[in-house]
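What follows is the residue order along each chain.
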Amino acid sequence: KIKIVTIGGGSSYTPELIEGLILRKDQLPIAELWLVDIDDGAEKMEIVGNMAKRMIAAAKLDWQVHLTLDRREALKNADYVTTQFRVGLLDARLKDEVIPLANGLMGQETNGAGGIFKAFRTIPVILGIIDDMRELCPNAWLVDFTNPAGMVTEAAIKYGKWEKTVGLCNVPFGHITQACKVLGKEEKDLYFKFAGLNHFHWHRVWDQQGNERTAELIEKIYSPEQQERTDEGLKNIHQIPFHFDQVKHLGLLPCGYHRYYYLQEPMLAHAIDEFERYETRAEVVKKTEARLFELYKDVNLNYKPEELSQRGGAHYSDAACDLIASIQNNSGKLMVVSTRNNGAIADLPFDCVVEITAAITSHGPEPLRWGALPPAARGMIQLMKAMEETVIEAAVTGDYGAALHAFTINPLIPAGDTAVKVLDELLYAHKAYLPKF
Ligand code: NAD
Ligand code: G6P
Ligand code: MN
Ligand code: MN
């Protein structure tokens, strides 16, 4: 029997997770489910936690559900600890978006200056959770959904020394679904290989006969005549079409987030436009979240409402619950996860965390060897990884010079006076959540 603990239990995504666990009830011998939050999220957790209890009761399961603000009580003898928290809640995200945008730079949850600051706020918290885990549940798996998931996972493994950490994202799911739709196939009839970093990966696709279908997918998804199929189902990314010739030249399928880099100017122009209309993503999500919690309050609602698909992280439970079930049952299932590179991507250090297709075993992910990336991808990924490593270093040490270096390396932040100004403004705005700086 297993005990699962979810940190950030007040998230509006909780019903997503519960639905996923219920769907896999035969693979998961669950005894206890603990939702953990902090004072600021207590009310949200109460509402969504009761919703979770109704879902579990409706499924006629005898799982014990506990809601608590006491993390240490919850972690005791846990088998799986999942995280879905947001330090500073959506108000902090709004600052990550609007402060860079007001200075003419991209403001986004996991990219550019805002993404760097989300890492600065989150990494100290994840390391604190690990300190508690070492004492209270030394054998537990840490399944991280908290963004920026790649950097948080790397911090947990490298600095927290928690080897049993796996990071997750729903973006690969969107691309798998898209490829299935375009080729008219089911997932089981295609073979996918992803490699890169979280929100910065590429993939290739083969069919059951062994034919590579990547070029055909590039043609069907990105050629100007067929652009209506560009959508990979991410509600939070403005879907500007990639340059067809550029994708063709690379010969790999990009992920939705690559738009911030390959299409930096038009993506920034669009974001500035939204900023001027008070419609940055945090503002939109605040409204969606308010509507969701109104729905969750309904004592007759005992299933995940359709409205949740308006959030960018829809379907994340498929990843989280598949991962737990695969570890639990030593299934060897192929999944895309953030895990230690171990040489799978030849162009990156062995000890860094990459997002890659891996076989999920009871001892964790075994990444499939990808090999080397073409120069056009290698240059970008090496830069991005060095940026991530520097961000993590700065988050751990609070070194201002390291933070400025991270800004300088980041392709979405031009080096110079603006970088210093945005860094200082963000440090001031998030002061309460940055004990190291
Ligand atoms: P949210 O703003 O609703 O926050 C979730 C909960 O975390 C809140 O109830 C909050 O009180 C709680 N919290 C904050 N600090 C905490 C702490 N120190 N300890 C425990 N709980 C704490 O956030 P959300 O929109 O539900 O997103 C949750 C997280 O999941 C974010 O980090 C977000 O970026 C991430 N996310 C990841 C993906 C992915 O693909 N990996 C997709 C969507 C969202
Ligand atoms: C995406 C990503 C997440 C991201 C989220 C944003 O699909 O995979 O990492 O944080 O959606 O969703 P939101 O609805 O909060 O803008
Ligand atoms: Mn993600
Ligand atoms: Mn820069």
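Refer to the structure above for everything that follows.
Remember, predicted model here, so these are calculated numbers, not experimental data.

So, how was this worked out
- Residues numbered from 1 in each chain as written.
- Chains lettered and ligands numbered in written order.
- Predicted model: local features only at pLDDT ≥ 70, side-chain atom pairs only at ≥ 80, totals over all residues.
- Heavy atoms only, no water.
- Donors = N, O, S within 2.8 Å, 3.2 Å for Na, K, Ca; no water.
- Buried < 20%, exposed > 50% of the residue type's maximum accessible area, 1.4 Å probe, protein only.
- Helix = DSSP H or I, 4+ residues; strand = E, 2+ residues; numbered from the N terminus.
- Near = heavy atom within 4 Å.
- Polar contact = N/O pair within 3.5 Å; in protein donor to acceptor, adjacent residues only side chain to side chain.
- Areas by Shrake-Rupley, 256 points an atom, 1.4 Å probe, with all protein chains shown as cover.
- 1 Å grid on protein atoms, 1.4 Å probe; cavity = no way out; pocket = protein on both sides within 12 Å on 5 of 7 lines; lining within 4 Å.
- Sits in = over half its atoms within 2 Å of the grid points.
- Nonpolar A, V, L, I, M, F, W, Y, C, P; charged D, E, K, R; others polar.
- Points joined across faces, edges and corners; volume = space filled by probe spheres on them.
- Salt bridge = Lys/Arg side-chain N within 4 Å of Asp/Glu carboxyl O.
- Pairing = 2+ DSSP bridges.
- Core = buried A, V, L, I, M, F, W, Y, C linked by side-chain atoms within 4.5 Å.
- Contact = heavy atoms within 4.5 Å.

A.B. asks: An account of the coordination of the manganese ion (ligand 4) is requested, with residue identities and associated values reported.
C.D. replies: For the manganese ion (ligand 4), the full set of protein donor atoms is Thr408 (O), Asn410 (O) and Ile413 (O), and the range of their distances to it is 1.9 to 2.6 Å. When the donor residues of the manganese ion (ligand 4) are listed from N- to C-terminus, their spacing reads T-x1-N-x2-I. Looking at Thr408, the relative accessible area reads 38%, which means it is partly exposed.

A.B. asks: Quick rundown of the coordination of the manganese ion (ligand 3)? Include the residues and the values.
C.D. replies: The manganese ion (ligand 3) binds to the protein through Cys169 (SG) and His199 (NE2), with metal-donor distances spanning 2.2 to 2.4 Å. Taken together, the positions of Cys169 in the loop between β6 (165–167) and α7 (171–183) and His199 in the loop between β7 (190–197) and β8 (200–207) put the pair 30 residues apart, joining distant regions of the chain. A relative accessible area of 9% means that Cys169 is categorised as buried. On the basis of relative accessible area, His199 is assigned to the buried category, the value being 6%.

A.B. asks: Kindly report on the site of ligand 2, identifying the contributing residues and their values.
C.D. replies: Inspection of the region around ligand 2 gives 16 residues, with Glu109, Asn170, Arg281, Arg311 and Gly312 positioned closest. Contact distances for ligand 2 include 2.5 Å between an oxygen atom and a side-chain N or O atom of Asn170. Gly312 places a polar main-chain atom, nitrogen or oxygen, 2.5 Å from an oxygen atom of ligand 2. For ligand 2, the protein covers 96% of the area, taking 390 Å² as the surface of the free molecule. Because more than half of its atoms lie within 2 Å of the grid, ligand 2 is assigned to the largest pocket. Split into classes, the residues belonging to the shell around ligand 2 amount to six nonpolar, six polar and four charged.

A.B. asks: Outline empty space enclosed by the protein, supporting the account with residue identities and numerical values.
C.D. replies: The method is simple in principle: a probe with the dimensions of a water molecule rolls over the atoms, and the space it marks as empty is what remains. On inspection of all chains with the given rule, the structure shows two cavities of 30 Å³ or more. What the largest cavity holds in volume is close to 140 Å³. Along the wall of the largest cavity there are 16 residues; nearest its centre are Thr110, Asn111, Met151, Asn198 and Glu388. Going through the elements one at a time, α5 (112–136), α6 (149–158) and α14 (375–397) are the ones with two or more residues in the lining of the largest cavity.

A.B. asks: Hey, could you go over the pattern of salt bridges for me, with residue numbers and the actual values?
C.D. replies: Tallied over the full model, the rule gives 33 salt bridges. For the salt bridge of Glu232 with Arg259, the shortest nitrogen-to-oxygen distance reads 2.9 Å. Of this pair, Glu232 sits in the loop between α8 (214–222) and α9 (244–250) while Arg259 sits in helix α10 (residues 259–262), and the two are 27 residues apart along the sequence. In terms of burial, Glu232 and Arg259 fall into one category: buried. Linked through salt bridges whose partners overlap, the residues forming this network are Glu154, Lys158, Lys385, Glu388 and Glu389.

A.B. asks: I'd like a description of the pairing of strand β10 (residues 353–361), backed by residues and values.
C.D. replies: Among the nine residues of β10, nine are classified as buried, and the element is accordingly described as predominantly covered. Burial of β10 is two-sided: the residues Val353, Glu355, Thr357, Ala359 and Thr361 facing one way and the residues Val354, Ile356, Ala358 and Ile360 facing the other way are all buried. Two elements, β7 and β10, share two bridges in a ladder whose sense is antiparallel. Residue Gly196 lies in a different strand from β10, and its bridge partner there is Glu355. Here strand β9 (residues 333–340) pairs with β10 via eight bridges, running antiparallel. Bridging from a neighbouring strand, Leu334 pairs with Ala359 of β10. By the bridge criterion, four bridges tie β10 to strand β11 (residues 364–367) in an arrangement that is antiparallel. Pairing of Ala359 across the sheet is with Glu366, part of β11. What sits between β10 and β11 in their antiparallel hairpin is a turn of two residues.

A.B. asks: Lay out the site of ligand 1 in plain terms, naming residues and giving numbers.
C.D. replies: Residues in close proximity to ligand 1 total 27 residues, the closest being Ser11, Asp37, Lys44, Phe85 and Arg311. One of the side-chain N or O atoms of Ser11 is found 2.5 Å from an oxygen atom in ligand 1. Contact distances for ligand 1 include 2.8 Å between an oxygen atom and a side-chain N or O atom of Arg311. When the free accessible area of ligand 1 is taken as 860 Å², the share hidden by the protein chains comes to 95%. With respect to the detected pockets, ligand 1 is housed in the largest pocket.

A.B. asks: Can you break down the nonpolar core residue by residue, with the values?
C.D. replies: If you look at the biggest cluster of nonpolar residues, it comprises 99 residues, and the most contacted ones within it are Val5, Val81, Phe120, Met133, Trp202 and Phe407. The dominant element in this core, judged by the number of residues it contributes, is α5, at 12 residues. Not counting chain neighbours up to four residues away, the residues in contact with Phe407 comprise Ala113, Ile116, Phe117, Ile413, Ala419, Val422, Leu423 and Leu426. Core analysis: the second largest hydrophobic core is formed by 42 residues, Leu21, Ala52, Tyr80 and Ala319 among them.

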